[in-house]
Amino acid sequence: MTNQYIGEHLLPGILGKAWIGLSLLSLLVSIYLFVRATWASKAGKKKERWAGRFFILHFAALLAAIGTLYYVIANHYFEYAYVWQYSSKGMPAKFMISCFWAGQEGSFLIWAFFTGMLGMFLLFLSKSWKSWVLPVYSVAQLFLLVMVLGIHVFGLKIGESPFALLREMAVYAGDDFFRQPGYLSQILDGRGLNPLLENYWMVIHPPALFLGYAAVFVPASYAVASLWRKSYHAWIRPALPWTAFALLTLGVGILLGGRWAYESLAFGGFWAWDPVENASLIPWLFLAAAFHLLLIVYKRRHSYRTAYLLVFFSCFFVLYATYLTRSGVLGQTSVHSFGENSQSALLLIFTLLFLFIPLGLWWFRNKHIPRKKGKDILFSREFWMLLGSIILMLSAFQIITTTSIPVFNRIFGLNLAPPLNAIDFYNHWQLPFAVLTLLTIAVSQYFWYGQKALRGAGKKLLRAGCFAILCTAFVAFIGKINRFDYLLLLFSASLVLCTSLVYIKKYVRYVPNVASAITHLGFALFVIGILLAFTGPQVISQDKQSRSSDHDGNVVLYKGKPKTMGNYRVTFSDTRTQGSYEYYQIDFVKKSDSLSGKVAFSLWPSTNFNNQMGKVNHPDTKHFLTKDIYTYISFSQQAGNESLDVVREMNVKDTLAAGDYGLVLDSVQADLKNNDFENVTLTAKFSLLDAGRRIIAQTQAEYRIRDGRIAYVDARLDSLGIELRFAGVSETSAAIRVAVSQKAEEYIVLKTVVFPFINLLWAGAVVMFLGLVYSIYRRSRKTPEAKNESKLTV
């Protein structure tokens, strides 16, 4: 007999699964009709219209599935495994949306949403390419929908449904708890989000990244469609703005992830070369190389084969990044990856299909793809752009090879170890690639497509080099940069800065194609910002004169006791509890305001106690125009009583250590009447000294005997949390026994770092992306290219 479970809300789950099934079925029909439209000559338009309608139906059903998932999350229906695993009743409403991408099923669903949304744009913008591009693009969407299908076929489970019930999970099969009809009444709350995801940057970072992943499918779809259609040049123009859009959205997603790491993780940076971070960077590097190759193809009609490969690889590495992140293969090397799951094989199959099918078609059409005519012109823009693209590819291969060490170990049974210090390792390898890339950017801006414009370029480059040297010297001086490799990178970025400014100034009124110069200018500012902020951060919490500071700059800060840090007097002044968060108020007073005590600003680093992860530390940062002051807490101790079990013997003028103070026994006096030793009072007087041996307090403690019974009158120094007890008289000497009970002071272990000029990094990113936005606008315009565009040089 089947159990009748009490309180379950099954209808939303049934509807959610039905919407996903309808979306998948509609998409299959749409793909079929689009393909048929390419075969039919007369009835092709009708089939194309119906294919478009089914594509719209698929997207509408997908939206319904997403709305259903949000409904069950918002209503805390913990009978659903996804809701129980990633939400809780106490979760702030502003972070509720983050539950969508907290788990694999929801993140695939959101990724499918963005893929479908861009597909809707393609449906209305791709025009003559519609029946060729949409079925190819829809295959990627098919993959995402299959991953959230959650059905069994011939004993194999295909996908994981976000609407699976908790009692249906394989891990709970046969559990007596779920055989109880009223089990749901005992599930009072869900597990909740990983506390690191409870951050507003994580509300916008994953959607931006998924939008970028979805956008990468578009130029790849155009490339496959062109090989299918045997139209090897016409696809370039519509693919260019989509490639720029993918560069923009994927880049924004990556940078927002860096901003989240900087604001939320306590490692003191925005990029840690974590394997999952690397996995998202790889497709961006290939996409950047592909974009420049597409420009060469569009302008000069050569390098088609390489352009195809780069576009395909950018798409493949999106899927490969998904495999790395979600298969569990990086579980031991990355804190960002998902654990082992049953869908790893399915992920791998899709990833390999997205590699071998496009490459197979490219190989089949290879003889028909236009070849380059003539020789390379060394002093032409396309030559240097091609060289820069090759450097980007080499950079990407170095990153992905090292990142894939766990994959190699699994496939080949190896036992290779990833680099122990990932930041130093990757910085060492990637710095030469960055220098070479910057130099090719700088040189390329002195030439134009197809022209050997060597005359005058040497003088211009020499002039720019002189300005770059001056800029390098100035920045190195203010940033205290003295390493040769860093100086070389700084010079390269300064050279790009100079050449880009010259290009923009000279041609902004005549040539609409300044988008590249704006983008390169932003990239140069971005690199300079990295050098200034992260090659020489100032750890101002270092206290070399105190034992309460270690070599990493972690300093003990007692509540109410200020310490000097850089140009500030810093005080841990208060704590505040809000839910599971404990906030610590850190007041910064400028040295010039020490007498008045005027607080310049306060920071509130926090700790969040999570049942699954223990205490999670969150930093807090004060942002200035020219610097950031970054603080985080690595340990905290609440106030409490600490009793000293060992009783010390003291003679007059002896000193006993009591915390940070010295306790001196000044005298012992006896009040004895008529030699009545059954009733006597002994009084010990003490002075409390600070570190400079100055008396800051005096007190006394009494040892009383009344009718043979002992009583104590303790001395209390409440402001210092110290209590003294005259515990008795030594049996072997004239000393007295003293017990000290000191209230354990509340303290934190704090690290404070100044990142100089970090806003230059973020400003460079904004300028770089503005250049891409302008490029998208310009490449999307219908106006023909300017007739004199190819004649202009810097």
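If you're wondering where the values come from, they're calculated on a predicted model, not measured in any experiment.

Conventions we followed
Residues numbered from 1 in each chain as written. Predicted model: local features only at pLDDT ≥ 70, side-chain atom pairs only at ≥ 80, totals over all residues. Heavy atoms only, no water. Helix = DSSP H or I, 4+ residues; strand = E, 2+ residues; numbered from the N terminus. Buried < 20%, exposed > 50% of the residue type's maximum accessible area, 1.4 Å probe, protein only. Contact = heavy atoms within 4.5 Å. Areas by Shrake-Rupley, 256 points an atom, 1.4 Å probe, with all protein chains shown as cover. Phe/Tyr/Trp six-rings, centres within 6.5 Å; stacked < 30°, edge-to-face > 60°. Lys NZ or Arg CZ within 6 Å of the ring centre and 35° of its normal. Pairing = 2+ DSSP bridges. Axes fitted to C-alpha atoms, helices over the stretch in contact; angles between N-to-C directions. Core = buried A, V, L, I, M, F, W, Y, C linked by side-chain atoms within 4.5 Å. Disulfide = S-S within 2.5 Å. Expected span 1.5 Å × (residues − 1). pLDDT = per-residue confidence, 0-100. Parallel < 35°, antiparallel > 145°, perpendicular 65-115°, else oblique. Left-handed = near helix turned anticlockwise from the far one by under 90°. Nonpolar A, V, L, I, M, F, W, Y, C, P; charged D, E, K, R; others polar. Salt bridge = Lys/Arg side-chain N within 4 Å of Asp/Glu carboxyl O.

From N to C terminus, the protein includes 17 helices and 23 strands. Burial analysis of the protein (794 residues in total) assigns 54% to the buried set. Sequence-distant contacts, at least 24 apart, represent 68% of the contacts inside the protein between residues at least 6 apart. For the protein, the computed accessible surface area is about 37,600 Å², with 60% contributed by carbon and sulfur atoms.

Okay, unusual backbone geometry next. Positive phi is not limited to glycine here, since Lys127 has a value of about 50°. Residue position: Lys127 is located in the loop between α4 (104-125) and α5 (130-147). Judged by its relative accessible area of 53%, Lys127 is exposed. A positive phi angle is found at Arg301, which is not glycine, with a value near 55°. Positionally, Arg301 belongs in the loop between α8 (275-300) and α9 (304-326).

Under the definition given, this model contains 58 aromatic pairs. Judged by centre distance (6.1 Å) and plane angle (40°), the ring pair of Phe635 and Tyr747 falls under tilted. Of this pair, Phe635 sits in strand β12 (residues 627-637) while Tyr747 sits in strand β23 (residues 747-756); the two residues are 112 residues apart in sequence, bridging distant segments of the chain. Residue Phe635 is classed as partly exposed on the basis of its relative accessible area, which comes to 41%. Linked through ring pairs, Phe108, Trp111, Phe143, Phe210, Tyr213, Phe217, Phe350 and Phe354 together constitute an aromatic cluster. Over the ring of Trp129 we find Arg229; its NZ or CZ atom is 4.6 Å from the centre of that ring. The ring of Tyr558 carries the charged tip of Lys561 above its face, separated from the ring centre by 5.3 Å.

For the rest of this paragraph, the subject is the sheet that holds strand β16 (residues 661-672). What the five strands build is an open sheet, ordered β15-β16-β17-β18-β19; its pairing is antiparallel. Every interior strand has two partners, whereas the edge strands, β15 (655-658) and β19 (709-713), have only one. Recorded for the sheet is a direction-independent mean angle of 25° between the axes of neighbouring strands. Both β15 and β16 contribute to a ladder of four bridges, which runs antiparallel. In the strand pairing of β16, Ala658 is matched with Tyr661.

Residues Trp111, Phe143, Tyr222, Trp235, Tyr308 and Leu324 are the most contacted members of the largest nonpolar core, which totals 172 residues. A total of 19 residues in this core trace back to one element, the largest contributor, which is helix α6 (residues 201-229). Non-local contacts of Trp235, meaning those with residues more than four positions away in its chain, are made with Trp129, Pro219, Tyr222, Ala223, Ser226, Leu294, Tyr308 and Val311. Grouped together as the second largest cluster of nonpolar side chains are 32 residues, Ala468, Cys471, Leu490 and Cys498 included.

In total, this model carries zero disulfides according to the counting rule given. With no disulfide of its own, Cys498 has Cys471 as its nearest cysteine by sulfur position, at a separation of 5.9 Å.

Okay, helix α7 (residues 236-264) next. Between its first and last C-alpha, α7 extends 41 Å over 29 residues, near the 42 Å set by a 1.5 Å rise per residue. Among the 29 residues of α7, 25 are classified as buried, and the element is accordingly described as predominantly covered.

Turning next to the confidence of the model for the protein. Of all residues in the protein, 89% have pLDDT values of 70 or greater, and the mean over the chain is 85. The model gives residues 545-550 a pLDDT under 50, and that stretch makes eleven contacts with residues more than four places away or in other chains. Taken together, the stretch residues 783-794 has pLDDT below 50 and engages in 30 contacts with residues farther than four places along the chain or on a different chain.

Okay, helix α12 (residues 405-412) next. Every α-helix winds through 3.6 residues per turn, so residues three or four apart in the chain are directed the same way. Ile405, Pro406, Val407 and Asn409 are the residues of α12 that are buried. Those residues of α12 that are buried lie in contact with α9 and α11 (381-403).

Right, let's get into the pairing of strand β7 (residues 581-590). Extensive coverage of β7 is indicated by the burial of nine of its ten residues. Here strand β6 (residues 568-578) pairs with β7 via ten bridges, running antiparallel. Across the sheet, the residue bridging to Thr575 is Tyr584, located in β7. Joining the antiparallel neighbours β6 and β7 is a turn of two residues, in which Gly579 adopts a positive phi near 65°.

This next bit is on the packing of α6 against α9. The N-to-C vectors of α6 and α9 enclose an angle of 140°; their axes lie 9 Å apart at closest approach. Taken together, the axes of α6 and α9 lie oblique to each other. You can see that α6 and α9 cross each other, and the crossing is left-handed. Across from Phe210, Tyr213, Val216, Phe217, Pro219, Ala220, Ala223, Val224, Ser226 and Leu227 in α6, the residues of α9 making contact are Tyr308, Val311, Phe312, Ser314, Cys315, Val318, Leu319, Ala321 and Arg326. Broken down by class, the residue content of the contact of α6 with α9 amounts to 16 nonpolar, two polar and one charged.

On to the environment of Phe34. Counting through the fold element by element, Phe34 comes out in helix α1 (residues 10-39). Among the residues examined, Phe34 registers a relative accessible area of 0% and is labelled buried. A C-alpha to C-alpha distance of 8.1 Å links Phe34 and Lys130, two positions 96 residues apart in sequence. The residues contacting Phe34, other than those within four sequence positions of it, are Glu48, Ala51, Gly52, Leu123, Lys130, Ser131, Leu134 and Pro135.

If you want to describe how two helices pack, look at the angle between their axes and the distance between the axes. Packing of α1 against helix α2 (residues 44-74) brings their axes to within 7 Å, and their N-to-C directions diverge by 160°. Classed by the angle they form, the pair α1 and α2 counts as roughly antiparallel. Handedness of the α1/α2 crossing: left-handed. Taken together, the residues of the contact of α1 with α2 sort by class into 20 nonpolar, eight polar and three charged.

Our next topic: the pattern of salt bridges. For the structure on display, the rule yields eleven salt bridges. Measuring nitrogen to oxygen at the nearest pair gives 3.8 Å for the salt bridge that ties Lys45 to Glu48. Of this pair, Lys45 and Glu48 both sit in helix α2, separated by three residues, roughly a single helical turn. A relative accessible area of 13% means that Glu48 is categorised as buried. Two residues, Glu746 and Lys559, come together in a salt bridge whose shortest N-O distance is 3.5 Å.

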